[in-house]
Amino acid sequence: MAKIGRNDPCPCGSGKKYKKCCLNKKQNHSDEFIYQQSRQIDNKIIDKLSKYSINKFGSEVLHRAWQDFSGQTRARFSDNNPHAQLFLPWFFFNWFPGSNKEFKIPLKKSRYTITDFYLEKYSDHISSLERIYIEQINKQPFSYYEVTHVEAGLGMNLRNMLWNENIFVMEKSGTENLKTGSFLFCRIIDFEGINLMVGSSTISIPRNNKITLLNLKDVILKQDNPITKENIQNWQNWLIESYLDLFDRIMSPPKMINKDGDELVFCELRYKIKDAWEIWKCLQELTDITDEEFQELADVDEKGKLQHFEFPWLSPLLPKETNPSIFANITLSPKKLTVSVNSKAREQKAKATLKKLLGSKAEFQTSVMRNLDSMLNDADLDTFADDMEMSDDDTEQIMNDIPEMQEMVEQHFEKHWQNWIDKKIAALGNITPREAVKTKRGKEKVLTLLEDAEYSSR
């Protein structure tokens, strides 16, 4: 670390000599003082580098760097970009303008960063502390860190996922909502005795992604074992790409599919009928409801005419299935037949089957389709929920009131965990937990899966 002379300009930027300014205060500098000082230095450096990069390389330089960072050849960087606080430090301290032929950088400077170019021309414009700050950034790589403890508004304890290191990082903003067990992708520097983040992921990575991070570590270990701060520099672009993939996966809504693997689309087929009782007799083969059960469950008027009846259309049993699943739900009323399915594929199959079973006894009128997004975004969502005639509280109450249902759920999970140890799991490299625990790395992954299951259960 460069020594500051007594007669040098004070690195705080006051314009006074060091001996007449901060020298006498140095022993009294608290971590809070150093933290605030680092924020001021960071702002000054970023401001200088921002102006310089545009003056030297033109107004398009930020967009060219973003294209290299994101892998999107026509992308444009904007102020509201969700990766800004990670990308901008990378842009100034890691990106090589020479990688882009547009800037015509001499070969001997092809590995210069924006900061290198600036220091070459304006070295005397940088204070001693600013130089120390830059040197620390240049030494430290980006990496994944596990959050092991959080002190809201002050900082957090982190464990590096790629090499053995436990550190406390001072950070004011963003710690209120940070959860123990989650992960950050960031760069951490040691500045004047305190650890700071310079460039960080906008989001914390949920704990259920730990297996993914352990698998990333395995890829690196095959080429660099042990992993160090020095050799991890060769993996920086690859790690950034892995984070961007993780971000997209975390922020993208999961694709909702049915048992057949088809996208969820709620379809309601509507038919006009003349005799509900006749329709029931034609459709009876689609369910396991007996005539005796029908008499008990159906709404029939005094004359014996069917007024209302709902019943499930059952799918054929699949191999290893003990109970059939529901293919569709059917509702009968005096003049109308309604069939509800959950995919376009099932809608087509249902129409074909009904045409074969009912023939001219039912007149198809319309098919109403709604995907999950439209239902969730519908302004009349409360009405839709009322139409379903069952709330979450109702479902929970049913579960509590039916001991058989509770027992069935308990048996399901008990059977799952009894068989789990001998099931091949993709996250473990398509081997069983029993096989995985034979190695140290495999044992760590199995314990991670069990911890995630316990956390989810809680």
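Worth saying up front: this structure is predicted, and the values here are computed from it rather than measured.

Conventions we followed
- The residue count restarts for each chain, going from 1 along the sequence in the order it is written.
- At least 70 in pLDDT is required for a residue's local features to be given in this predicted model, at least 80 for side-chain atom pairs to be given and counted, and no such filter applies to totals for whole chains, interfaces and linings, which use all residues.
- Here the side-chain values reflect all heavy atoms present in the structure, with hydrogen atoms and water set aside.
- Helix axes are fitted only over the stretch in contact, all axes being lines through C-alpha atoms; the angle between N-to-C directions runs from 0 to 180 degrees.
- By the criteria applied, helices consist of DSSP H or I runs no shorter than four residues and strands consist of E runs no shorter than two, each listed in order from the N terminus.
- The scheme is simple: roughly parallel for angles under 35 degrees, roughly antiparallel for over 145, roughly perpendicular for 65 to 115, oblique for anything else.
- Should the near helix be turned anticlockwise from the far one by less than a right angle, the crossing is termed left-handed; should it be turned clockwise, right-handed.
- The contact criterion used throughout is that any non-hydrogen atoms of two residues lie within 4.5 Å.
- Think of it as three bins: nonpolar holds Ala, Val, Leu, Ile, Met, Phe, Trp, Tyr, Cys and Pro, charged holds Asp, Glu, Lys and Arg, and polar takes everything else, Gly as well.
- Each cavity reported here is a set of points on a 1 Å grid over the protein atoms alone in which a 1.4 Å probe fits but cannot get out, each pocket an open set with protein on both sides within 12 Å along at least five of seven lines, and each lining residue one with an atom within 4 Å of a point.
- Grid points are joined across faces, edges and corners, and a volume is the space filled by probe spheres set on the points.
- Helix span, expected: 1.5 Å multiplied by one less than the number of residues in the helix.
- Partly exposed residues are those whose accessible area sits between 20% and 50% of the maximum for their type, while under 20% is buried and over 50% is exposed, using a 1.4 Å probe and protein chains only.
- Geometry of aromatic contacts follows a simple scheme: Phe, Tyr and Trp rings, the Trp one being its six-membered ring, pair when their centres are within 6.5 Å, and the pair is stacked under 30 degrees between planes, edge-to-face over 60, tilted otherwise.
- Geometrically, a lysine NZ or arginine CZ counts as sitting over a ring once it is within 6 Å of the ring centre and also within 35 degrees of the ring normal.
- Strand pairing is defined by DSSP finding a minimum of two bridges between the two strands.

Asker: Would you explain the packing of helix α8 (residues 276-283) against helix α10 (residues 344-358) in this entry?
Answerer: Pairs of packed helices are described in terms of their axes, by the angle between the two and the distance that separates them. Across the interface, α8 lies against α10 with an axial gap of 9 Å and an inter-helix angle of 110°. When the axes of α8 and α10 are compared, the pair comes out roughly perpendicular. Between α8 and α10 the crossing geometry is right-handed. On α10, the residues that touch Ile 279, Cys 282 and Leu 283 of α8 are Leu 354, Leu 357 and Leu 358. When grouped by side-chain class, the residues that make up the contact of α8 with α10 number six nonpolar, no polar and no charged.

Asker: Explain the layout of surface pockets here, please?
Answerer: In this structure, the second largest pocket encloses a volume near 690 Å³. Looking at the second largest pocket, it is lined by 31 residues, and the ones nearest its centre are Trp 90, Asn 94, Gln 236, Asn 237 and Ile 240. Listed by contribution, the elements that provide at least two residues to the lining of the second largest pocket are α2 (61-70), α3 (84-93), α5 (128-139) and α7 (236-251). The dominant element in the lining of the second largest pocket, judged by the number of residues it contributes, is α7, at nine residues.

Asker: I'm lost on helix α1 (residues 31-57) in this one. Help?
Answerer: Every α-helix winds through 3.6 residues per turn, so residues three or four apart in the chain are directed the same way. For α1, with 27 residues, the first-to-last C-alpha span of 38 Å sits near the 39 Å given by 1.5 Å per residue. Inspection of α1 places Ile 34, Tyr 35, Gln 37, Ser 38, Ile 41, Asp 42, Ile 45, Leu 49, Tyr 52, Ser 53 and Phe 57 among the buried residues, and these make up the whole buried set. Of the residues one or two after α1, Gly 58 is the one with positive phi, at around 95°.

Asker: What is the right way to read the packing of aromatic side chains from this model?
Answerer: Using the criterion set out here, one finds 31 aromatic pairs in the structure. On the basis of an interplanar angle of 65° and a centroid distance of 5.3 Å, the ring pair of Phe 69 and Phe 87 is categorised as edge-to-face. With a gap of 18 residues between them, Phe 69 in helix α2 and Phe 87 in helix α3 connect regions that are remote in the sequence. Aromatic pair Tyr 133 and Phe 191: ring centres 5.4 Å apart, planes at 85°, arrangement edge-to-face. Taken together, the residues span a long stretch of sequence, with Tyr 133 in helix α5 and Phe 191 in strand β4 (residues 183-191) at a distance of 58 residues. One exposure class covers both Tyr 133 and Phe 191, and it is buried. One aromatic cluster is present, built from ring pairs that chain together Phe 57, Trp 66, Phe 69, Phe 77, Phe 87, Trp 90, Phe 91, Phe 92, Trp 95, Phe 103, Tyr 112 and Phe 117. A cation over an aromatic ring shows up here: Lys 172 above the ring of Tyr 35, its NZ or CZ 5.6 Å from the ring centre. Sitting over the ring of Phe 364, Lys 351 keeps its end group 4.5 Å from the ring centre.

Asker: I keep staring at the pairing of strand β10 (residues 336-341) and nothing clicks. Help me out?
Answerer: The side chains of a regular strand alternate, first on one face of the sheet and then on the other. As defined by bridge partners, strand β6 (residues 265-273) adjoins β10 across six bridges and the pair is classed as antiparallel. Bridge pairing in β10 places Tyr 271 opposite Leu 337. The pairing of strand β9 (residues 326-333) with β10 spans five bridges and is classified as antiparallel. Each residue of the ladder has a partner; that of Asn 329, found in β10, is Ser 340. The antiparallel pairing of β9 with β10 creates a hairpin that spans two residues between the two strands.

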